[in-house]
Amino acid sequence: MKLIMNEGFNNETINFDGFSFKNCSFTNCVIIITTLNFNFEGCSFYGSALHVNPDLPIFEVSHRLSQSVYDTETNCYRDDYKYPRTKVPLPTTNVH
């Protein structure tokens, strides 16, 4: 798993799968989580949206999400309507 530390991300779409984030900040980002092959600790989320695969175990996801700080504008979606089940078109630049 690739470790990313002390980075700030703004207005980006990021697939967390396969990455470990430590002490990073995410502002107005779209976070895609499709597997449990990710980790993050000490991160901060501002005005972001986390889209989590609804098939992942809720307790495992909750534990991982509880390790960071979120503002009131950040939301986490697990329902079929909000989760992008089809392939999400990601930008060709600024994807981490």
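Residues numbered from 1 in each chain as written. Predicted model: local features only at pLDDT ≥ 70, side-chain atom pairs only at ≥ 80, totals over all residues. Heavy atoms only, no water.

Ordered by their spatial adjacency, 3 strands build an open sheet running E1-E4-E7, and the pairing between neighbours is parallel. Each edge of the sheet is formed by a strand with only one pairing partner; in this case those strands are strand E1 (2–5) and strand E7 (39–41). Ignoring which end each strand starts from, the neighbouring axes of this sheet average 10° apart. Pairing of E1 with strand E4 (residues 19–22) involves 4 bridges; the strand directions are parallel. When the bridges of E4 are listed, Met-5 appears paired with Lys-22. (Pairing = 2+ DSSP bridges. Helix = DSSP H or I, 4+ residues; strand = E, 2+ residues; numbered from the N terminus. Axes fitted to C-alpha atoms, helices over the stretch in contact; angles between N-to-C directions.)

Attention now moves to the side chain of Ser-44. Tracing the chain through its elements places Ser-44 in strand E8 (residues 44–46). In this structure Ser-44 touches Cys-24, Ser-25, Phe-26 and Val-69, once residues within four positions along its chain are discounted. (Contact = heavy atoms within 4.5 Å.)

Once that is clear, we can look at the packing of aromatic side chains. Applying the stated criterion to the full structure yields 13 aromatic pairs. An angle of 55° between the planes, with centres 5.5 Å apart, marks the rings of Phe-16 and Phe-26 as tilted. One end of the pair, Phe-16, is in the loop between strand E3 (13–15) and E4; the other, Phe-26, is in strand E5 (residues 25–27), with 10 residues separating them in the sequence. A single burial state applies to Phe-16 and to Phe-26, both of which are buried. With a centroid separation of 5.0 Å and an interplanar angle of 15°, the aromatic rings of Phe-45 and Tyr-70 are classed as stacked. With Phe-45 in strand E8 and Tyr-70 in strand E10 (residues 69–70), the pair connects residues that are 25 residues apart, well separated along the chain. Residue class for Tyr-70 comes out partly exposed when judged on its relative accessible area of 30%. Note that Arg-64 overlies the ring of Phe-38, its terminal NZ or CZ placed 4.9 Å from the centroid. (Phe/Tyr/Trp six-rings, centres within 6.5 Å; stacked < 30°, edge-to-face > 60°. Buried < 20%, exposed > 50% of the residue type's maximum accessible area, 1.4 Å probe, protein only. Lys NZ or Arg CZ within 6 Å of the ring centre and 35° of its normal.)

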